[in-house]
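Spelled out, the chains give:
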Amino acid sequence: MAELRTEEMLLNVGPQHPSTHGVLRVVIKLDGEIIREATPVIGYLHRGTEKLSEDLQYQQIIPYFDRLDYISAMLNNHAIVNAVEKAMDIEIPERAEYLRVIVGELNRTAAHLLFVGAYLLDLGAMSPFLYVFMTRERIIELLNEISGARLTYNYMRVGGVKYDAPPGWFAKIREFIPYFKEMYQLFDDLITGNEIFISRVKGIGSYGQEEAINYGLSGIPLRSTGFKWDLRKNKSYSVYDRFDFEIPVGTNGDNYDRYYLHLLEMEQSMRIVEQAIDSIPEGPVMGKAPKILRIPAGEYYAAVEGAKGELGVYIVSDGKDKPYRMKIRRPSFVNLQIIPSLLKDQNIADFIAILGSIDIVLGEVDA
Amino acid sequence: MTEESKETTVKPSAETAVNTETQPKEEQPDPKKEAAQKVLDRIRGLIVQELGDHVLEDALLMKHQPTFVVKRDHWLQTVQLLRHHDALGFDYPEAMAGTDYPANGYIEVILYVYSMNHNELIAVKTRTPRDNAELQSLSYVYQGLNWEEREIYDLVGVKFTGHPDLRRIMMPEDYEGHPLRKDFSVWKE
Amino acid sequence: MMFGLLKGLGVTLRQIPKKNVTLQYPDVKPDWPDRFRGVHKFYPEKCIVCNQCARVCPTSCISLSGTRGEDKKMHIETYDINFEICILCDLCTEVCPTEAIQMTDTFELAEYSRDALFKNIEWLAENGRQHDARKGKSDDQANHDAKAADKAGEQ
């Protein structure tokens, strides 16, 4: 072996590589089949949301937030309205809070379903993707019915939500929940026990708790190390403190844990939805909010638990109706940073398995 | 613990916060504010005790948020203390942002750090002149700030000395100007 | 050892007798809910040229102009929406005081030229007539229904 001459090879993955998520480019230095160095190159989808926000009134920013993590737009909506409400001390009606939780958790489930499907597709399993889309379509239709859009909902407003639930909507969710449980069992049968899948993900791409915290990871990449950290519990916002749900955590921080936590979290999200539609109070869905929103001068930071992790909004206001500066703490952007150290000295065949498990959406990474 | 108890008191504090704008603060003690003040005093005491009085420019509450304004030369030193001191232990970088204030002639960089052990969130910030904006890099203290600093370098134009890989991250590498500066215009030559 | 694989195969076999979930799209159109936000329709006679829709638009895709008529009221003359940049966020219909601009269930916006995405007042009014005919209601009736549905939802 020693006399073999080896040469380093530079491999360019992306930005249009079909196996990456969107327009991510990773430059890999290969030694044989071993990755020596991996450098993600991002910014291909940079639209300057932060800069654009400086020229927009707060209600106009909401549709732009839809387009960050575009597969969980409801949670993005929640992040911005929550930040503005906290800064302005706006109280919102209870029914609106419940509706926000319901649509948010439905959307979280849809986002996690998409992860499961896309991750398996990354690993070469086509059929789970189709089953996942069958289930996800039901959720998207529910959200379409309440908000009027399938992906970019623009549903929440500062002070409440735009619409109340249409007639018969809660009944449709009640019908959906057993269907979801059936499908959940199906995914478990189809994927979790599959030996080929397990041998590709178990024990691969693992990192420790301290490393995860130092990298500022949040969401499932942090919880997969066994660290119980979920803003819905740790810094409870909205009405999440009224529901009984658990925060599933992993043990090894490897690909398998990250995959399985997505499944477990969907189950918990459905538990929250179930409780919320049973206990939703009557009343208005839009509270008293000034027509032109002016945040008092100062600096504010508020975060919610997005589908990918802590989605925070930092607003600097000079008392006008537009933010002086808005910074979005995008979980995908922060989580992606661990990729170079995770990929170092890994087999090239595990590249996609590791990258996929971090669960990034490039709309959010590039903002 | 403290975080949860703070959350449960949101409603009364929301009303008092509105009142305080017109009335003097002593009227109604705000439990959330008092708790935050306690945190602020404790941490300021520790910083002054360890590093001296001269590192801090200001320590204030920004709507219940303990905030420390650190002198530019002591930026790295202070954050290192916050990270490694046992009684502080701010181990989780939450968010970092740079803001341009052309009227005041400086760029402000703010860092939100959280202590997982003590359940406290604080903000530390520092200021650097707009021309030749330069700061010590924190990317060795928190690895998660590597890209955040690159983003601030790219969009706001603050140079972080000691950063391992300071390149543009969002804009193309041959791009000129820093889009998040207030005097930036796309229509310029 | 290969038990998991067999279990997965079982899932596949169980799927065979089940009904299709896909739609033969160009032949069969999807049935959108009432709130669906498709391409706008515009009722020129209702518009009072208050300019609110153009001001609230996050992407500034609406441009309009009007003149004061002999009856001292403002009448709309041109009303253009640039669908290259419109994001169908619904903020314009939300602020419209007379419901002159509304969303329809039209969603097919593919064109051969970018210029064709620039829709003027005639196109938007025609889209409204077609939409109302499709729904089998006059616009007032449709408004009334939509409001009633919203009210019912609130309760």
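The shown structure was predicted, so the numbers you read here are calculated from the model rather than taken from an experiment. (Residues numbered from 1 in each chain as written. Chains lettered and ligands numbered in written order. Predicted model: local features only at pLDDT ≥ 70, side-chain atom pairs only at ≥ 80, totals over all residues. Heavy atoms only, no water.)

Colleague: Any chance you could explain the interface of chain A and chain C here in plain terms?
Modeller: Where the parts come together, the accessible area they lose is often given as the size of the interface. At the junction of the two partners, chain A supplies 36 residues and chain C supplies 34 residues. Together chain A and chain C conceal approximately 2800 Å² of surface at their shared face, both sides included; 52% is due to carbon and sulfur atoms. The interface formed by chain A and chain C includes four salt bridges. Arg 157 of chain A is paired through a salt bridge with Glu 94 of chain C; the nearest N and O atoms lie 2.5 Å apart. Linking chain A to chain C there are 16 residue pairs in polar contact (both at pLDDT 80 or more). Sorting the residues of the side of chain A that touches chain C by element identifies helix H2 (58-66), helix H5 (127-147), helix H6 (169-192) and helix H7 (195-201) of chain A as the ones contributing at least two each. Here the residues of the side of chain A that touches chain C sort into 15 nonpolar, ten polar and eleven charged. (Contact = heavy atoms within 4.5 Å. Buried area = accessible area lost by both parts, 1.4 Å probe. Salt bridge = Lys/Arg side-chain N within 4 Å of Asp/Glu carboxyl O. Polar contact = N/O pair within 3.5 Å; in protein donor to acceptor, adjacent residues only side chain to side chain. Helix = DSSP H or I, 4+ residues; strand = E, 2+ residues; numbered from the N terminus. Nonpolar A, V, L, I, M, F, W, Y, C, P; charged D, E, K, R; others polar.)

Colleague: Would you explain the environment of Glu 274 of chain A in this entry?
Modeller: By the element assignment, Glu 274 of chain A lies in helix H11 (residues 255-279). When the C-alpha atoms of Glu 274 of chain A and Phe 170 of chain A are compared, they prove to be 9.8 Å apart, with 104 residues separating the residues in sequence.

Colleague: For this particular structure, what's the right way to read the sheet that holds strand S3 (residues 92-101) of chain B?
Modeller: Hydrogen bonds along the backbone pair up the strands of a sheet, which may run parallel or antiparallel. All names here are of chain B. Across the sheet, five strands lie side by side as S1-S2-S5-S4-S3; this open sheet has mixed pairing. Unpaired on one side and paired on the other, strand S1 (56-61) and S3 mark the two borders of the sheet. Here the strands of the sheet are splayed against their neighbours by 20° on average, with no regard to which way each runs. As paired strands, strand S4 (residues 106-115) and strand S5 (residues 120-129) are joined by ten bridges and run antiparallel to one another. By the bridge assignment, Leu 111 is partnered in S5 with Val 124. In the packing of helix H3 (residues 31-51) onto the sheet, the strands contacted are S1, strand S2 (66-70) and S5, and the crossing angle to S1 comes to about 165°. Where helix H5 (residues 145-155) meets the sheet, its contacts fall on S3 and S4, and the angle it forms with S3 comes to roughly 10°. (Pairing = 2+ DSSP bridges. Axes fitted to C-alpha atoms, helices over the stretch in contact; angles between N-to-C directions.)

Colleague: I keep staring at helix H1 (residues 3-15) of chain C and nothing clicks. Help me out?
Modeller: Since the α-helix packs 3.6 residues into each turn, any two residues three or four apart lie on the same face. Here H1 of chain C spans 19 Å end to end across 13 residues, near enough to the 18 Å set by a 1.5 Å rise per residue. Among the residues of H1 of chain C, those classed as buried are Gly 4, Gly 8, Val 11 and Gln 15 of chain C. Down the axis, H1 of chain C shows its buried residues gathered within 50° of arc, on one side only. H1 of chain C presents Phe 3, Leu 6, Leu 9, Leu 13 and Arg 14 of chain C as exposed residues on the side facing more than 90 degrees away from its buried surface. Residues of H1 of chain C that are buried make contact with H5, H6 and H7 of chain A. (Expected span 1.5 Å × (residues − 1). Buried < 20%, exposed > 50% of the residue type's maximum accessible area, 1.4 Å probe, protein only. Arc of directions from axis to C-beta.)

Colleague: I tried to follow the interface of chain A and chain B on my own but got confused; where do I start?
Modeller: Taken residue by residue, the interface counts 44 residues in chain A and 48 residues in chain B. Between chain A and chain B, roughly 3900 Å² of surface is buried when both sides are summed, and carbon and sulfur atoms account for 53% of that area. Of all residues in chain A, Asn 214, Glu 299 and Tyr 324 of chain A bury the most surface against chain B, accounting for 17% of the area lost on that side. Summed over the shared surface of chain A and chain B, the number is 22 residue pairs in polar contact (both at pLDDT 80 or more). Grouping the constituent residues of the side of chain A that touches chain B by class yields 19 nonpolar, nine polar and 16 charged.

Colleague: Could you clarify how one ought to interpret the arrangement of the chains in this entry?
Modeller: When the two pairs of chains in contact are ranked by number of contacts, first place goes to chains A and B. The closest approach of any C-alpha atom in chain B to one in chain C is 17 Å; the two make no contact.

Colleague: I would appreciate a short explanation of the pattern of salt bridges in the present structure.
Modeller: Between side chains of opposite charge, pairing is possible as soon as their charged atoms come close. Residues and elements named next belong to chain A. Inspection of the entire model under this criterion finds 54 salt bridges over all chains. Between Asp 164 and Arg 95 there is a salt bridge, with its nearest N and O atoms 3.0 Å apart. On the criterion of sequence distance, the pair formed by Asp 164 in the loop between strand S5 (160-161) and H6 and Arg 95 in helix H4 (residues 94-122) is long-range, its members being 69 residues apart. In this structure Asp 164 comes out as buried when scored by relative accessible area, which is 4%. Because the salt bridges share partners, they merge into one network encompassing Glu 105, Arg 108, Arg 223, Asp 230, Arg 232, Glu 265 and Glu 305.

Colleague: Please explain the sheet that holds strand S2 (residues 25-31) of chain A as it appears in this structure.
Modeller: Residues and elements named next belong to chain A. Read across the sheet, three strands follow the order S1-S2-S3 without closing on themselves; strand pairing throughout is antiparallel. The open sheet is flanked by strand S1 (8-13) and strand S3 (34-41), the only strands paired with a single partner. Between one strand axis and the next, the sheet turns through 20° on average, direction left out of account. The sheet contact formed by S2 and S3 spans seven bridges and is antiparallel. By the bridge assignment, Leu 30 is partnered in S3 with Ile 35.

Colleague: Would you mind showing me how to read the packing of H4 of chain A against H6 of chain A here?
Modeller: The relative placement of two packed helices is expressed as an angle between their axes plus a distance between the axes. All names here are of chain A. Two elements in contact, H4 and H6, have axes whose closest approach is 13 Å; the angle formed by their N-to-C orientations is 25°. Comparing their axes, H6 and H4 come out roughly parallel. The two elements H4 and H6 cross, and the hand of that crossing is left-handed. Here H4 contributes Arg 95, Leu 99, Ile 102, Val 103, Leu 106, Thr 109, Leu 113, Val 116 and Leu 120 to the contact with H6, which in turn contributes Trp 169, Phe 170, Ile 173, Phe 180, Phe 187 and Ile 191. When its residues are assigned to classes, the contact of H4 with H6 shows 13 nonpolar, one polar and one charged. (Parallel < 35°, antiparallel > 145°, perpendicular 65-115°, else oblique. Left-handed = near helix turned anticlockwise from the far one by under 90°.)

Colleague: What is the right way to read empty space enclosed by the protein from this model?
Modeller: All names here are of chain C. For the structure shown, the criterion picks out four cavities of 30 Å³ or more. In this structure, the largest cavity occupies an estimated 90 Å³ of space. Surrounding the largest cavity, 14 residues form its lining, Cys 47, Cys 50, Cys 53, Tyr 79 and Cys 96 being those nearest its centre. Partitioned by chemical class, the residues of the lining of the largest cavity number eleven nonpolar, three polar and no charged. Here the second largest cavity defines a volume of roughly 70 Å³. Residue lining of the second largest cavity: 13 residues in total, with Cys 57, Cys 61, Cys 86, Cys 89 and Cys 92 positioned closest to the centre. Across the lining of the second largest cavity, the residue classes tally to ten nonpolar, two polar and one charged. (1 Å grid on protein atoms, 1.4 Å probe; cavity = no way out; pocket = protein on both sides within 12 Å on 5 of 7 lines; lining within 4 Å. Points joined across faces, edges and corners; volume = space filled by probe spheres on them.)

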